Amino acid sequence: MKKRVLSLLVDNTSGVLSRVAGLFSRRGYNIDSLTVGETADPRYSRMTVVARGDEQILDQIVKQLAKLIDVVDIKVLEEESSVNRELVLVKVRADAADRQSIIAIANVFRGSIIDVGKDSLIIELTGQQSKLDAFVELLRGYEILELARTGITGLSRGAEDIRYL
């Protein structure tokens, strides 16, 4: 199974997210991650959708998305020609004995301590999915109280394939 990262430029109107997600569910496709946000032009939003499947299924997903009236543009974000990032927030139990070692792990990964409680820390980290996976794996030696990941978001490199509207 291959992973494909799709960057969709869509109309910023109500129901677009439902229509895109509905396309996946009606055809039995799974969405690994989905991020959505308004672009510099408030008429449009950018959706980054990550899906897995064989080549035929992934090609079919792109073709079906292109048929949706709300979808203005689709880019397949290839690893070598795009920049992809993800955000993770991790709340870790941190008593006085563990606090320094948890902070040291966060520093190695260039994470930020964004909240300190009497018995916990919240760490923010952005980067490639593999970096976040390695970070979370190291924290498994401690008690992870809560964890939230945004999913991948990304843009293609360069200005050659920009769609001006």
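That block above? That's the structure.
Model, not experiment: these values are computed from the prediction.

1. What to know about the side chain of D70
Within the secondary structure, D70 sits in the loop between helix 2 (55-67) and strand 4 (71-76). In this structure the side chain of D70 is engaged in a polar contact, spanning 2.5 Å, whose partner is the side chain of R19. Excluding residues within four positions of it along the chain, D70 makes contact with L9, V10, D11, T13, V16 and R19.

2. Concerning the environment of R26
Positionally, R26 belongs in helix 1 (residues 16-26). Along the backbone, R26 and L77 are 51 residues apart, and their C-alpha atoms lie at a distance of 24 Å.

3. Considerations on the pairing of strand 1 (residues 2-11)
With 7 of 10 residues buried, strand 1 lies mostly within the body of the structure. Sheet topology places strand 1 next to strand 3 (residues 44-53); 10 bridges connect them, and they run antiparallel. Bridge pairing in strand 3 places V10 opposite S45. Pairing analysis gives 5 bridges linking strand 1 to strand 4, with the strands arranged antiparallel. Following the sheet pairing, V10 is matched in strand 4 by V71.

4. Quick notes on the pattern of salt bridges
According to the stated counting rule, one finds 11 salt bridges in the structure shown. Residues R4 and E55 are paired through a salt bridge, measuring 2.5 Å at the closest nitrogen-oxygen approach. Of this pair, R4 sits in strand 1 while E55 is found in helix 2, placing the two residues 51 residues apart along the sequence. Its relative accessible area of 35% is what places E55 among the partly exposed residues. A salt bridge links R93 to E143, with the nearest nitrogen and oxygen atoms 2.7 Å apart. Of the two residues, R93 is situated in strand 5 (residues 82-93) and E143 in the loop between helix 4 (129-139) and strand 8 (144-149); the sequence distance between them amounts to 50 residues. Note on R93: relative accessible area 35%, which makes it partly exposed. A network of salt bridges, in which partner residues are shared, links K2, R4, E55 and D59.

How each quantity is defined
Residues numbered from 1 in each chain as written. Predicted model: local features only at pLDDT ≥ 70, side-chain atom pairs only at ≥ 80, totals over all residues. Heavy atoms only, no water. Helix = DSSP H or I, 4+ residues; strand = E, 2+ residues; numbered from the N terminus. Polar contact = N/O pair within 3.5 Å; in protein donor to acceptor, adjacent residues only side chain to side chain. Contact = heavy atoms within 4.5 Å. Buried < 20%, exposed > 50% of the residue type's maximum accessible area, 1.4 Å probe, protein only. Pairing = 2+ DSSP bridges. Salt bridge = Lys/Arg side-chain N within 4 Å of Asp/Glu carboxyl O.

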